[in-house]
Structures are given as structure tokens and as C-alpha cells.
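A look at the structure
The primary structure of each chain is shown beneath.
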Amino acid sequence: MILVTGGAGFIGSNFVLEWLAQSEETVINLDVLTYAGNRENLRSLDNNRRHIFVQESINNSSVVADLLIQYCPRAVINFAAESHVDRSIHSPEDFIQTNVVGTFHLLEAVRAYWADLQGQVKQEFRFLHVSTDEVYGSLQKDASAFTETHRYAPNSPYSASKAASDHLVRSYHHTYGLPVLTTNCSNNYGPYHFPEKLIPLMIVNALAGKPLPIYGDGQQIRDWLYVKDHCSAIRRVLEAGRVGEVYNIGGWNEKPNIDIVHTICSILDESRPRSDGQSYREQIITVADRPGHDRRYAIDASKIERELGWKPAETFDTGIRKTVNWYLENQKWVANVQSGAYRSWVEKNYSERST
Ligand code: NAD
Ligand code: TYD
């Protein structure tokens, strides 16, 4: 079996659902259920005996240690994190506690477990750390995309905390020999994406007749990857990645934010036209920029393609259509996640941004 942390969040839940659909192995899913963790994402697994959900923090090393001894997983995949840049600007401490201190506690528990393993089981054990391209900082317009040897230059409390966790993971390999793998992926989108991030926020706000808030000039570039492609890349790295190595994962799909929002509006204009016959573009507004906003991220994903034969299956066009359809078909899920806590975040983030 495998142990997944943060498996009730956006990427983690997609990973767990796909893993159980594609393999015979059991998943122990350790998630403390912050605002971003949602058991609804895993509802289809309610009667699945191969899914063991444990509501606990990665900071609790004694619980993690007990789980490792009880279940003897062959791998630990660490998705657990605070993941929203804007929240890291408002409340950086949570990011240090989870992403830095939490990863440290998790590594300590895993190191003790691995040290006691024997023979082939020990040799085959892997700790896979899921990280982000944001650790590399912001790229100039014409600069080459991030390779695995690009220098770290994180600019937000989120990316700095992820960078710190990457360094800890690296050090546990070099110092203790822990068999680690690290992946640095670009921006994901797809089903179960919490609607405070750009793509789901725009879909949900458009349908609710609310403003579509573009930070600054909307020309910031992100490299978008459909979440199921990220999951397949992680499976491939786990299966065949070289121990101690880093693999960048991306969709070869750089787009300015404003283009993303225009695409979403066009798809909705086609599939769910507004009752007044106007385009959803009418709802776009410009709001104050994010402090320290990174201008451009872009991933060079040639290493994972060359060494492990992985390539994304979706283009942006196919992936974004699937995503918009998913939100159209899962409005109950959207309504359920728009709790009081969600509304107070939206109020906090957008009330300070003048139009
Ligand atoms: P998310 O915020 O949707 O989910 C994070 C999950 O971790 C939630 O279920 C939350 O409850 C859980 N969690 C938080 N603190 C925890 C703790 N102390 N102990 C146990 N569980 C805890 O995030 P996501 O978008 O699914 O991202 C997953 C991972 O992938 C993160 O490490 C993130 O840095 C990385 N990543 C995300 C993206 C992206 O575009 N979303 C891109 C690259 C990398
Ligand atoms: P986000 O989804 O928060 O991901 P990240 O900051 O990790 O890249 O934001 C993606 C881009 O969209 C980023 O450049 C900020 C921008 N953005 C907006 O313009 N308006 C919004 O309301 C949000 C949430 C993001």
C-alpha cells in the first residue's frame, strides 16, 4: 500500500481517485482537513475498503509513526500543504507551520520507519515530495523555461515555504540516504479545484453573475497543466524516477491570465449563454494587483519526457472544456464548498482591491 498526505485537497483527491481506479493497492489518506480539504471529493470511495482515511496533521509525527508501523506502506507521497499565494500574503504563519515544520515532522517519522526496514522492502521504499514551479521565482518575458537546475528564488511566503520543504527533502537524501523523489509542477486546473484559485473562481463567478476580478494588467503568465496529467506524471516518477532526482512537470502551455479568462467566457457563452444575450466578458473587472506578483512561470518538462517517457495527454483546449463541464455538472459541490469560511475569505481578499 501507499500513504498519501493531503489526499482530500484538489490534486491529492484526484490522485487518490485515480490510484484506486488503476491499481490494486490500498491508500492510507492522511489529511487534517483544513478549509481546502474536502471529504466530498472522496465521496465515491465511501464503501471502498482500499481507502483508509485518517484525519490528522503531518505535524503529528507520533500518529504518522504509528500509521507507518501499522500499515508498512511502500511509498509516502506528500501533497499536504497550504497552497494559496494570496492566503500566504495574509497569513504566512500557517504556511511555515505546515509546509516547513510539517514536512520536517513528516520526514522525521519517515526516516525512523525507513531506517528499520530490511532488504528489498527498504531498497524499494520511496518518499515522493510534490512541489511547485513557484520555487524558481519569476521569469523574464524571453527567458528560457525553468529546468531542474534553475536557481531557487521564491518570492511569496507560499513559494518560500515550499522551497524550504524542498531543501529539507533534499537534505534527508544527502545526509541520511532517504530515497526521495521531488516533483516541481506548474499551475494545475481541473475537477475539485477549490474556487478561490483563478480558473474555478472565474467559472463559478461567471455563472453566479459576479465580477471576474483580474489582478493588475492580466498579463501575468502561468503554464497550465490538467490535474490528471499531473497525477499520471507523479505515478510515473514514483514508478521509475531515479532516487534523489528532481523532475519538473508542466504542460508546455504558457498563457496570460486574461487569455484564460477570455477562453472560459467563450466556452460559457457557447454552452451556458447569459439570459441577456451578452458575453460573460462583460463581467470582467480589473482589481489591484497582488503584492510581489510573479510575472511569468514556465516549465521545461524535457527531462521527465526524455528519462521517463511522460507527456501530458490533454491540450489546454481539451482540458479547459472538461473543467468547465465538470463545474457545470457539479454545482452542488460548488454550493457545498461556498461555506461561511469561503465567503469570509472572498470578502477579505477582494474588499481591499479597489476596482
Ligand atoms: P490544496 O490546498 O487543494 O490541498 C491541500 C490539502 O492538504 C488539503 O486537503 C488540506 O486539508 C491538506 N493539509 C493542509 N495542511 C495539512 C496538514 N498539516 N496535515 C495534513 N494535511 C494537510 O492544494 P493542492 O492544490 O491540491 O496542492 C497539493 C500539493 O501540490 C501542494 O503541496 C502544492 O504545493 C503542490 N502544487 C500545487 C499546484 C497547483 O496548481 N494547485 C501546482 C504545483 C504544486
Ligand atoms: P492562482 O490560481 O492563485 O495561482 P498562483 O498564484 O499560484 O499562480 O492565480 C493564478 C494567476 O491568476 C495569478 O497570476 C494571479 C491571478 N489571479 C487573478 O488575476 N485574479 C484572481 O481573482 C485570482 C484568484 C488570481
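Everything discussed here concerns the structure shown above.
Just so it is clear, the model here is predicted, and its values are computed rather than measured.

1. Considering the pairing of strand 4 (residues 75-78)
The alternating pattern of strand 4 places A75 and I77 and V76 and N78 on opposite faces, both of which are buried. Strand direction decides the pairing type here: strand 1 (residues 2-5) and strand 4, joined by 4 bridges, are parallel. Paired with T5 across the bridge in strand 4 is N78.

2. Let's talk about the nonpolar core
Counting residues in each nonpolar core, the largest one holds 77 residues, and the members touching the most others are F15, I77, I199 and I304. Not counting residues within four places of it along the chain, the set of residues in contact with I304 comprises A233, V237, Y247, N248, I249, G309 and W310. If you look at the next biggest cluster of nonpolar residues, it comprises 23 residues, including V110, W114, F125 and L178.

3. Remarks on the site of ligand 1
Of all residues adjacent to ligand 1, which total 29 residues, the nearest are I11, D31, S83, Y158 and K162. Within the backbone of L33, one N or O atom sits 3.5 Å away from an oxygen atom of ligand 1. Within the side chain of S83, one N or O atom sits 2.7 Å away from an oxygen atom of ligand 1. Its free accessible area being 830 Å², ligand 1 has 96% of it covered by the protein chains. When contributions to the shell around ligand 1 are tallied by element, the ones reaching two or more residues are helix 1 (10-22), strand 5 (126-132) and helix 6 (157-176). Of all the elements, strand 5 adds the most residues to the shell around ligand 1, at 3 residues.

4. Focus on the environment of E282
Relative to the assigned elements, E282 resides in the loop between helix 9 (257-271) and strand 13 (284-287). Taking the C-alpha atoms as reference points, E282 and L212, 70 residues apart in sequence, are found 8.9 Å from one another.

5. Describing helix 8 (residues 227-240)
Its 14 residues give helix 8 an end-to-end C-alpha distance of 20 Å, which sits within 8% of 20 Å, the value for a rise of 1.5 Å per residue. Among the 14 residues that make up helix 8, 10 are buried, leaving the element largely enclosed by the rest of the structure. Restricting attention to buried positions, one finds in helix 8 the residues V227, D229, H230, C231, S232, A233, I234, R235, V237 and L238.

6. Remarks on the site of ligand 2
In the vicinity of ligand 2 lie 17 residues, with E134, R222, R290, H293 and Y350 positioned nearest. The contact in question runs from an oxygen atom of ligand 2 to an N or O atom on the side chain of N257, over 2.9 Å. One of the side-chain N or O atoms of R290 is found 2.5 Å from an oxygen atom in ligand 2. Elements with a minimum of two residues in the shell around ligand 2: helix 7 (198-207) and strand 8 (212-215). Considering every element that reaches the shell around ligand 2, the biggest residue donor is strand 8, with 3 residues. Here the shell around ligand 2 is built from residues that sort into 7 nonpolar, 5 polar and 5 charged.

Basis of the calculations
Residues numbered from 1 in each chain as written. Chains lettered and ligands numbered in written order. Predicted model: local features only at pLDDT ≥ 70, side-chain atom pairs only at ≥ 80, totals over all residues. Heavy atoms only, no water. Buried < 20%, exposed > 50% of the residue type's maximum accessible area, 1.4 Å probe, protein only. Helix = DSSP H or I, 4+ residues; strand = E, 2+ residues; numbered from the N terminus. Pairing = 2+ DSSP bridges. Core = buried A, V, L, I, M, F, W, Y, C linked by side-chain atoms within 4.5 Å. Contact = heavy atoms within 4.5 Å. Near = heavy atom within 4 Å. Polar contact = N/O pair within 3.5 Å; in protein donor to acceptor, adjacent residues only side chain to side chain. Areas by Shrake-Rupley, 256 points an atom, 1.4 Å probe, with all protein chains shown as cover. Expected span 1.5 Å × (residues − 1). Nonpolar A, V, L, I, M, F, W, Y, C, P; charged D, E, K, R; others polar.

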